[in-house]
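Chain by chain, the residues run as shown.
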Amino acid sequence: MKKSILRLAALGLVLAACGGSGAIVATVNGAEVSVADVEELYAGTPGAVPATQFAENLRNAIVELVVIQEAEREFGIVFGPEEIEARRAELESQIVAQSGGASYEEFLEQNGFTEERIYRIAHQQLVAEAVGAALVARDGAITEEALQARYDAALFDLTQACVSHILVETEEEAQAAKDRIDDGESFAEVAMDVGTDGTAPNGGELGCDSLSRYVPEFALAAFEAPLGEVTRPVRSQFGYHLILVTERTSESYEAVVDDLRVGLEAEREGRLVQDWLLEAVTAADVTVDADYGTWVVNPFPTVQPPA
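Caption draft 1: Inspection of the nonpolar core at higher detail. Core analysis: the biggest nonpolar cluster contains 33 residues, and Val25, Val33, Leu58, Ile62 and Val288 have the highest contact counts within it. Looking at this core, the elements with two or more residues in it are strand 2 (24-28), helix 1 (35-39), helix 2 (51-75), helix 5 (115-139), helix 11 (253-283) and strand 9 (286-288). A total of 10 residues in this core trace back to one element, the largest contributor, which is helix 2. Among residues more than four places away in sequence, those in contact with valine 33 are Ala23, Ile24, Val25, Ala26, Val28, Val38, Leu58, Ala61 and Leu65. In this structure, Phe218, Ala219, Ala221 and Val234 belong to the second largest nonpolar core, which totals 14 residues.

Caption draft 2: Quick look at the layout of surface pockets. The volume enclosed by the second largest pocket comes to roughly 190 Å³. With 4 residues, helix 10 (residues 216-224) is the single largest residue contributor to the lining of the second largest pocket.

Caption draft 3: Expanded view of the state of the cysteines. Under the definition given, this model contains 1 disulfide. Disulfide pairing places cysteine 162 opposite cysteine 208 at an S-S distance of 1.9 Å. Disulfide cysteine 162-cysteine 208: torsion about the S-S bond near 110°, hence right-handed. Of this pair, cysteine 162 sits in strand 5 (residues 159-168) while cysteine 208 is found in strand 6 (residues 205-210), placing the two residues 46 residues apart along the sequence. Look at cysteine 208 and you get exposed, because its relative accessible area is 53%.

Caption draft 4: Local environment of the sheet that holds strand 8 (residues 239-250). Read across the open sheet, the 4 strands follow the order 6-5-8-7; overall the sheet is antiparallel. At either end of the open sheet lies a strand with only one pairing partner, and these are strand 6 and strand 7 (234-236). For this sheet, the mean inter-axis angle between neighbouring strands, taken without regard to orientation, is 40°. Set on the sheet, helix 9 (residues 187-194) makes contact with strand 5 and strand 8; between it and strand 5 the angle comes to about 45°.

Caption draft 5: The environment of glutamate 85, seen in detail. Inspection of the secondary structure puts glutamate 85 in helix 3 (residues 81-98). A relative accessible area of 33% places glutamate 85 in the partly exposed class.

What counts as what
- Residues numbered from 1 in each chain as written.
- Predicted model: local features only at pLDDT ≥ 70, side-chain atom pairs only at ≥ 80, totals over all residues.
- Heavy atoms only, no water.
- Core = buried A, V, L, I, M, F, W, Y, C linked by side-chain atoms within 4.5 Å.
- Buried < 20%, exposed > 50% of the residue type's maximum accessible area, 1.4 Å probe, protein only.
- Helix = DSSP H or I, 4+ residues; strand = E, 2+ residues; numbered from the N terminus.
- Contact = heavy atoms within 4.5 Å.
- 1 Å grid on protein atoms, 1.4 Å probe; cavity = no way out; pocket = protein on both sides within 12 Å on 5 of 7 lines; lining within 4 Å.
- Points joined across faces, edges and corners; volume = space filled by probe spheres on them.
- Disulfide = S-S within 2.5 Å.
- Pairing = 2+ DSSP bridges.
- Axes fitted to C-alpha atoms, helices over the stretch in contact; angles between N-to-C directions.

This is the structure:
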């Protein structure tokens, strides 16, 4: 979901947990969300949660419940305690490996987490992965046309070239410099004489690098230029260039197609999940106790803190 869904204005209010942690603060398609469900998402002191933080975590609890409900309803995705516990154990191992020597228990205490919260994160991960896989399967395979289009769009990133240029202010100056080169002067000599940027003392050499480092007009000209031939004047935001490419190599489609497919699949899955989640949360039947906030869906689903 878009970042704007995940943000609330900081009002500096404090919300007491009215009625205790078992109090019901919202219902989602008939299922109840309690104060305890929300406080579990808050790494702070239960019972004295800032109203904006409580509202944000209430929104998160609602979204979490919608995902679980819709994953089961639409795709039949359900995970049992053993599967969730196995993922929780994986998370514990990852936490210990990355904690810099702290124990799992110390990590939980230092970060305000509980075992229950890690368990819920494990459940969320499993459901999110399964939903993503289901949406991708329903959408079908990445087409060759899409892969070729991505390759064409990435050609500048995939092309390395050794380039020199002469930069001047006007097209007339550029053409005059080209005429001198055509008449027998070396590219480097003319660059040192008339070039206006920092490469001029080096004969206009830009070195060997990916064409993606250059502005589009320059990159396209360097991509299309015959090797060893000076281009016509090329206009960019910096002025007019004469470009000389001495070496150029591009990775072939066959060499990068697997990486392109992985990237496209990841992007597609993210987009499909985002769209599915926004639709599911917007369509959900949600009610929020007015003491804890107001549920709104436009422009994005969120809980507005009580005034």
